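Each chain is listed here by its residues.
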Amino acid sequence: MKRWGLVSLTLLLVSMLVLAGCGNGSGNTVNSDGAANSGEGGGIEWNAETNEYVMEEEIATGQVPLKVWVEYEDYGKALQEAFAKKYPDVKVDYEIVAKVDSVERMALDGEAGKGADVFMTNHDDLASAIDNATAAPIGNYDAQIKERVSEQFVNVVSRDGQMYGAPISTESIALFYNKTLLKQLTGSEEPAATWEEISELAQTYNNPAKNQWTIRFQAGQIYYSYAVLSSLRWHLYADGDLDNPNFEAPELKAGLEYYKGLRSIWNVNSADATYDSIENEFIKGQTPYVITGPWVFADFDKAAAENGFEYGVAKLPKVAAGEDAASFSGLSVAVVSGYTKYPAAARVFLNFMASDEGAAALYQSTGAIPALDEEHVVNVEGIIGNEHIAGIIAQSENADLMPQIPEYLYTSGDSLSVNVWDNLLSVEEAQQKATKEYNEMRALVD
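The protein carries the name Maltose-binding periplasmic protein in an unreviewed UniProt entry, which gives Paenibacillus antibioticophila as its organism. Regarding the protein, the relevant UniProt record gives this comment under Sequence similarities (unreviewed entry): "Belongs to the bacterial solute-binding protein 1 family."

And the structure:
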């Protein structure tokens, strides 16, 4: 069981050890700008003219390669090639390490001197990397990165005024809409901003006999229902306590009552709200709205070209009387290892990963969406002018980035959504059952 008080105490103890020169396999300490020292008594050098750290000679001259852990082979190769264009004398070696394993492995390999200088992890594993000192502050690069990513993302990778990682890629669901069809139906290509607007269109467009619906989404999953519930001011783990998902909050009751009412505009059982009934129906060009994620881009692009329609991507609709809809979002983060012998070069590489060139290498090699803000992501080569990606970024910036989401949250949360949507239980009964299920599953893993 995780408590923020315990985490804070752990961080304090770790900080004391680091300042004392302990807990770092390379003998590094931390100087006043938050950057690791070389272990030779002096701080690493910052070049104010180039706005870069001066790389260690062994790395800058190619005598020793910089080591990087990434999750995908194509991304590793793309980063190698892109970095070589800017720093031709520097050698970069990459190793494939899953993000979910990197923090735990770095704690072992870093101590043994076998770890990477820079590694990738998920945002919800970064806290433990900071706690065990496998993540080092990024130093003077924080100002540059803050200019290019949303405040939400900066907050996720920051602690005590320092950034411990660079946001690299993000993923979120959003509202996909058929511009061509909306123009025919409403006279405007602009998407609805509220559920009330969607409901109004549904009054004339829905035709259950023809399987014709104004909007489609996976109603039995909390991954999708959360957007409605959060718009009515219910948020998971409001106090950061994973023991309490907040299932019995009055805000959730109001949200679930509203969510239950949406059954009137998408009147199918949750078991029938499947991929085929959502994405595949949008492809035909007869569904104004679907809620889905960037994994559909290739299929939707092909269908739009073949079936003669244009589509767009926008932020999720809100409840008119509520606040902007939040979604669950994933965030991949690049981290400078606390064990690196080359803290300057490692930070140079991390900053490159978050640059336009690094973002282009990411997108062109994997199709992943760079975690830049709307203003900057559309300037990345390969993404320039791509409004679809800008729509995902816009929603990602309004996401609830949880410090951790236990698997059993999805089990109990999905059950909650199904019981309300399918009218199997009253809202109050569904809340009570979800709480009971959550507590029982949590007890099994504690």
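That was the structure; now back to the text.
*Asks:* Please provide a residue-by-residue account of the sheet that holds strand E11 (residues 215–216), values included.
*Replies:* Hydrogen bonds between backbone groups are what pair the strands of a sheet, and the pairing can be parallel or antiparallel. Across the sheet, which stays open at both edges, the four strands sit in the order E11-E12-E10-E13 with mixed pairing between neighbours. At either end of the open sheet lies a strand with only one pairing partner, and these are E11 and strand E13 (311–314). Pairing of strand E10 (residues 174–178) with E13 involves four bridges; the strand directions are antiparallel. When the sheet's bridge partners are listed, Phe176 is paired in E13 with Val313. Each of E10 and E13 is contacted by helix H17 (residues 387–396), which is oriented at about 20° to E13, the strand it contacts most.

*Asks:* Break down helix H10 (residues 222–231) for me, with residues and values.
*Replies:* Counting buried positions over the ten residues of H10 gives ten, a clear majority of the element. Those residues of H10 that sit buried are Ile222, Tyr223, Tyr224, Ser225, Tyr226, Ala227, Val228, Leu229, Ser230 and Ser231.

*Asks:* Give me the pattern of salt bridges: which residues, what numbers.
*Replies:* Considering all chains together, one arrives at twelve salt bridges under this definition. One salt bridge connects Arg105 with Glu95, and the closest N-O pair in it is separated by 2.5 Å. With a gap of ten residues between them, Arg105 in helix H4 (residues 99–109) and Glu95 in strand E4 (residues 92–96) connect regions that are remote in the sequence. A salt bridge links Lys253 to Glu428, with the shortest nitrogen-to-oxygen separation between them at 3.4 Å. Placement of the pair is Lys253 in helix H11 (residues 250–261) and Glu428 in helix H19 (residues 427–445), with a sequence separation of 175 residues. You can call Lys253 partly exposed: its relative accessible area is 31%. The network of salt bridges with common partners includes Glu95, Arg105 and Asp109.

*Asks:* Explain the environment of Gly330 to me, and be specific about the residues and the numbers.
*Replies:* With respect to the secondary-structure elements, Gly330 resides in strand E14 (residues 329–337). Note on Gly330: relative accessible area 35%, which makes it partly exposed. In sequence terms Gly330 and Thr180 are 150 residues apart; their C-alpha atoms lie 31 Å from each other. Not counting residues up to four positions away in its chain, the partners in contact with Gly330 are His123, Ser169, Thr170, Glu171 and Leu401.

*Asks:* Tell me about the packing of H11 against H19, and please be specific about residues and values.
*Replies:* Two numbers describe how H11 lies on H19: the axes approach to 10 Å, and their chain directions differ by 125°. Compared by their axis directions, H11 and H19 come out oblique. Considering the relative orientation of H11 and H19, their crossing is right-handed. Every residue of H19 that contacts H11 at Leu252, Lys253, Leu256 and Glu257 is listed here: Val427, Glu428 and Gln431.

*Asks:* Which residues make up unusual backbone geometry, and what values do they have?
*Replies:* Across residues other than glycine, the phi torsion is negative in most instances, and most of the peptide bonds are trans. We note that Asp160 has phi near 55°; this positive angle belongs to a residue other than glycine. Position of Asp160 relative to the elements: it lies in the loop between strand E7 (158–159) and strand E8 (162–163).

*Asks:* Tell me about the packing of aromatic side chains, residues and numbers included.
*Replies:* Taken as a whole, this structure holds 28 aromatic pairs when the rule is applied. With a centroid separation of 6.2 Å and 20° between ring planes, the pair formed by Trp234 and Phe247 is classed as stacked. A residue pair is termed long-range when its members are at least 10 positions apart, and Trp234 in the loop between H10 and H11 and Phe247 in the loop between H10 and H11 qualify at 13 residues. Under the relative-accessibility criterion, Trp234 is labelled buried at 0%. Look at Phe247 and you get buried, because its relative accessible area is 1%. Taking 6.5 Å as the distance between ring centres and 50° as the angle between the ring planes, the aromatic pair formed by Tyr237 and Tyr438 counts as tilted. Residue Tyr237 is found in the loop between H10 and H11, and its partner Tyr438 is found in helix H19; the two are separated by 201 residues along the sequence.

*Asks:* A description of the pairing of strand E12 (residues 289–292) should follow, citing residues and the corresponding values.
*Replies:* What you see with E12 is no split at all: Tyr289 and Ile291 on one side and Val290 and Thr292 on the other are buried throughout. As paired strands, E10 and E12 are joined by four bridges and run antiparallel to one another. Bridging from a neighbouring strand, Tyr177 pairs with Tyr289 of E12. Across two bridges, the pairing between E11 and E12 is parallel. The residue bridging Ile215 from the neighbouring strand is Tyr289, located in E12.

*Asks:* Which residues make up the packing of helix H3 (residues 73–86) against helix H15 (residues 356–366), and what values do they have?
*Replies:* Interaxial distance between H3 and H15 falls to 9 Å at its minimum, and their mutual angle equals 145°. For the crossing formed where H3 meets H15, the hand is right-handed. Together, Asp74, Tyr75, Ala78, Leu79 and Ala82 of H3 and Glu357, Ala361, Leu362, Ser365 and Thr366 of H15 make up the contact between the two elements. A breakdown of the residues in the contact of H3 with H15 according to their chemical character gives six nonpolar, two polar and two charged.

What counts, and at which threshold
Residues numbered from 1 in each chain as written. Predicted model: local features only at pLDDT ≥ 70, side-chain atom pairs only at ≥ 80, totals over all residues. Heavy atoms only, no water. UniProt positions renumbered as here; feature names shortened; annotations may be inferred. Pairing = 2+ DSSP bridges. Helix = DSSP H or I, 4+ residues; strand = E, 2+ residues; numbered from the N terminus. Contact = heavy atoms within 4.5 Å. Axes fitted to C-alpha atoms, helices over the stretch in contact; angles between N-to-C directions. Buried < 20%, exposed > 50% of the residue type's maximum accessible area, 1.4 Å probe, protein only. Salt bridge = Lys/Arg side-chain N within 4 Å of Asp/Glu carboxyl O. Parallel < 35°, antiparallel > 145°, perpendicular 65-115°, else oblique. Left-handed = near helix turned anticlockwise from the far one by under 90°. Phe/Tyr/Trp six-rings, centres within 6.5 Å; stacked < 30°, edge-to-face > 60°. Nonpolar A, V, L, I, M, F, W, Y, C, P; charged D, E, K, R; others polar.

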